[in-house]
Amino acid sequence: MKLHHTYFYHPEFVENNATVIERFELQEISMQKIQNALGREDRFIVAENSFETSLSMGIEAARGVLHESNISILDIDIIIFVSSSPEHHIPCDAIHIHDALEGKPDTLCYDINANCIGGFIALDQVSKYLKGTGKGTNALVVCAEKFSTILDPDNPTTAFCLSDSAFAFIVENDGDSASGLIDVLYHTDSSFCNTVLYPPKGSSDHRHGDLATWDRIFDGMGSVNFAVDNIRQFLKRNQINLEQIDLFLFSQFSIKNINMIRGYFQLPEEKIPFYSKELGYTGASSPFLALHKYQKEVKRLKKGDYILIWTLGTGYQAGLMLWRY
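Residues numbered from 1 in each chain as written. Predicted model: local features only at pLDDT ≥ 70, side-chain atom pairs only at ≥ 80, totals over all residues. Heavy atoms only, no water.

K.L.:
Honestly, the nonpolar core in this entry has me stumped. Any pointers?
P.N.:
Generally speaking, soluble globular proteins have nonpolar side chains that are buried together. If you look at the biggest cluster of nonpolar residues, it comprises 48 residues, and the most contacted ones within it are Ile231, Leu235, Ile245, Phe248, Phe250, Ile261 and Trp310. Broken down by element, the residue count for this core peaks at 7 residues, all from helix H6 (residues 221–236). Excluding residues within four positions of it along the chain, Ile231 makes contact with Leu242, Ile261, Phe265, Leu308 and Leu320. Counting 39 residues, the second largest nonpolar core, distinct from the first, contains Phe8, Val82, Ala139 and Met321. (Core = buried A, V, L, I, M, F, W, Y, C linked by side-chain atoms within 4.5 Å. Buried < 20%, exposed > 50% of the residue type's maximum accessible area, 1.4 Å probe, protein only. Helix = DSSP H or I, 4+ residues; strand = E, 2+ residues; numbered from the N terminus. Contact = heavy atoms within 4.5 Å.)

So this is what it looks like as structure tokens:
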């Protein structure tokens, strides 16, 4: 199983967070603690006069990864669209991507909304599906978000945190059983299910202009504890130790959370890329965007390298995944 082709698409407009932070500071709202926890400078935002949507950005990312990989859409057997802010519910946006790219008739298309853990779940699901279908099958996974239209600009946690963007990757079943998904572990604590909500009162009472609510008691710490408590045992059951992991792809939501895990296990900083400072937080694609940027800016992974992925989604769910490149 191969995960070798990735593509990042984002709007042209970049918002520097200095002006956003200054606006809150003038209201005597201290932003230093939040900034230290999240670690942000710039974000990509769809301009107000733009017609870009999560779907249109997703289509651009899909076209980009097909072009750069030199893989034809006719060789794609599955299209999965991952989004918390889809453009359509009926039909699913994966169908719209299939139409825009002129996919073949015998293609499975579906959407996933699992918030920020959605890309992780898509990779887990599609890897297992492809393994059962045999060599030569390929999946296109597209993660896209237009957060700017649903987040509250007056909430200091979300006002300078998230980016509008799209990210696509291709999973190929090349018949090599030595590479690909090795193991996965999930953890769910649904007691947080009302801390981050959109629509705030559900679809049955949705009004135009409603914004997501975000209670600051949800900071992802439960997922940090999950990682700290489970990483060693998770690796042990797969006969792997921490020193054998070549790259740690952690959720890009919070540099503070990453540093807590890194400090606990005494992990080398160079093995844990963090790009949300200059890119903003991209949601479901964040650990895969870290892989993309690392390989472009630091070095390419080698066949046989081990990757450990840790990420989370609101509500909340967290997951660990062991992948062999």
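Next, the rest of the story.
K.L.:
Teacher, can you tell me more about empty space enclosed by the protein here?
P.N.:
A probe matching the size of a water molecule, rolled over the atoms, marks out where space remains unfilled. Across all of its chains, the model carries 1 cavity of 30 Å³ or more by this definition. Lining the largest cavity are Cys116, Trp214, Phe218, Phe253, Tyr281, Leu312, Gly313 and Thr314. Tallied by class, residues from the lining of the largest cavity come to 6 nonpolar, 2 polar and no charged. (1 Å grid on protein atoms, 1.4 Å probe; cavity = no way out; pocket = protein on both sides within 12 Å on 5 of 7 lines; lining within 4 Å. Points joined across faces, edges and corners; volume = space filled by probe spheres on them. Nonpolar A, V, L, I, M, F, W, Y, C, P; charged D, E, K, R; others polar.)

K.L.:
Looking at this structure, I do not really get the pattern of salt bridges. What am I missing?
P.N.:
Once the charged atoms of two side chains with opposite charge are near each other, the side chains can pair. Counting across every chain of the model gives 11 salt bridges. Notably, a salt bridge pairs Glu15 with Arg43, separated by 2.0 Å at the nearest N-O pair. In this pair, Glu15 is assigned in strand E2 (residues 14–16) and Arg43 in strand E3 (residues 42–44), connecting sequence segments 28 residues apart. Note on Arg43: relative accessible area 4%, which makes it buried. A salt bridge links Lys303 to Asp176; the nearest nitrogen and oxygen atoms lie 2.3 Å apart. Of the two residues, Lys303 sits in the loop between helix H9 (286–297) and strand E12 (306–313) while Asp176 sits in the loop between strand E7 (165–172) and strand E8 (180–188), which places them 127 residues apart along the sequence. The class for Lys303 is exposed, based on a relative accessible area of 65%. (Salt bridge = Lys/Arg side-chain N within 4 Å of Asp/Glu carboxyl O.)

K.L.:
Explain H6 here, please?
P.N.:
Since the α-helix advances by 3.6 residues per turn, residues separated by three or four positions end up pointing in the same direction. The end-to-end C-alpha distance of H6 is 24 Å, a good match for the 22 Å that 16 residues give at a rise of 1.5 Å each. Residue Asn230 marks the point of greatest curvature in H6, where the axis turns by about 45 degrees. Along H6, the residues that are buried comprise Ser223, Val224, Phe226, Ala227, Val228, Ile231, Phe234 and Leu235. Contacts made by the buried residues of H6 are with E8, strand E11 (245–250), helix H7 (255–265), E12 and strand E13 (317–324). (Expected span 1.5 Å × (residues − 1). Bend = angle between axes of the 7 residues up to and from the residue.)

K.L.:
Any chance you could explain the state of the cysteines here in plain terms?
P.N.:
What is meant by a disulfide is a covalent connection between two cysteines, made through their sulfur atoms. If you walk through the whole model with that rule in mind, you get 0 disulfides. You can see Cys143 has no disulfide; the closest cysteine sulfur is in Cys116, sitting 10 Å from it. (Disulfide = S-S within 2.5 Å.)

K.L.:
Would you mind showing me how to read the environment of His5 here?
P.N.:
Here His5 is to be found in strand E1 (residues 2–9). Classification of His5 as partly exposed rests on a relative accessible area of 22%. If sequence neighbours within four positions are ignored, His5 has contacts with Val65, Ser69, Ile71, Ala168, Phe169, Ile170 and Glu172. At 3.4 Å, the side chain of His5 forms a polar contact with the side chain of Glu172. (Polar contact = N/O pair within 3.5 Å; in protein donor to acceptor, adjacent residues only side chain to side chain.)

K.L.:
Would you take a moment to explain the pairing of E11 for this structure?
P.N.:
Across a regular strand the side chains alternate sides, sitting on one face of the sheet and then on the other. Burial of E11 is extensive: 5 of the 6 residues sit out of reach of the surface. The sheet contact formed by E11 and E12 spans 5 bridges and is parallel. By the bridge assignment for E12, Phe248 is matched with Leu308. (Pairing = 2+ DSSP bridges.)

K.L.:
Any chance you could explain the side chain of Ser285 here in plain terms?
P.N.:
With respect to the helices, strands and loops of the structure, Ser285 is situated in the loop between helix H8 (276–279) and H9. One polar contact links Ser285 to Thr282, side chain to side chain, over a distance of 2.8 Å. Other than its neighbours up to four places away in sequence, Ser285 contacts Cys143 and Phe167.

K.L.:
Got a minute to help me understand the sheet that holds strand E5 (residues 108–112) in this structure?
P.N.:
Sheets are built from strands paired through backbone hydrogen bonds, the pairs being either parallel or antiparallel. One open sheet holds the 5 strands; their spatial order is E1-E7-E6-E4-E5, and the pairing between them is mixed. Strand pairing shows two members of the sheet lacking a second neighbour, E1 and E5, which therefore form its edges. Taken pair by pair, the neighbouring strands of this sheet meet at an average axis angle of 15 degrees, ignoring direction. Against the sheet, H9 engages E1 and E7, with an angle of about 95 degrees to E1. (Axes fitted to C-alpha atoms, helices over the stretch in contact; angles between N-to-C directions.)

K.L.:
Please clarify how the sheet that holds E11 should be interpreted in this entry.
P.N.:
The sheet built from 4 strands is open, its strands ordered E8-E13-E12-E11 with mixed pairing. Each edge of the open sheet is held by one strand with a lone partner, namely E8 and E11. On average, each strand axis in the sheet is tilted by 15 degrees relative to the strand beside it, whichever way the strands run. Here E12 runs beside E13; their pairing, made up of 8 bridges, is antiparallel. Its bridge partner being in E13, Ile307 is matched across the sheet by Trp323. On the sheet, helix H5 (residues 118–133) packs against E8, E12 and E13 and is oriented at approximately 135 degrees with respect to E8.

K.L.:
Help me understand the environment of Lys271 in this model?
P.N.:
Position of Lys271 relative to the elements: it lies in the loop between H7 and H8. A relative accessible area of 22% places Lys271 in the partly exposed class. Every residue in contact with Lys271, bar those within four places of it in the chain, is listed here: Glu243, Ile245, Asp246, Leu247 and Phe248.

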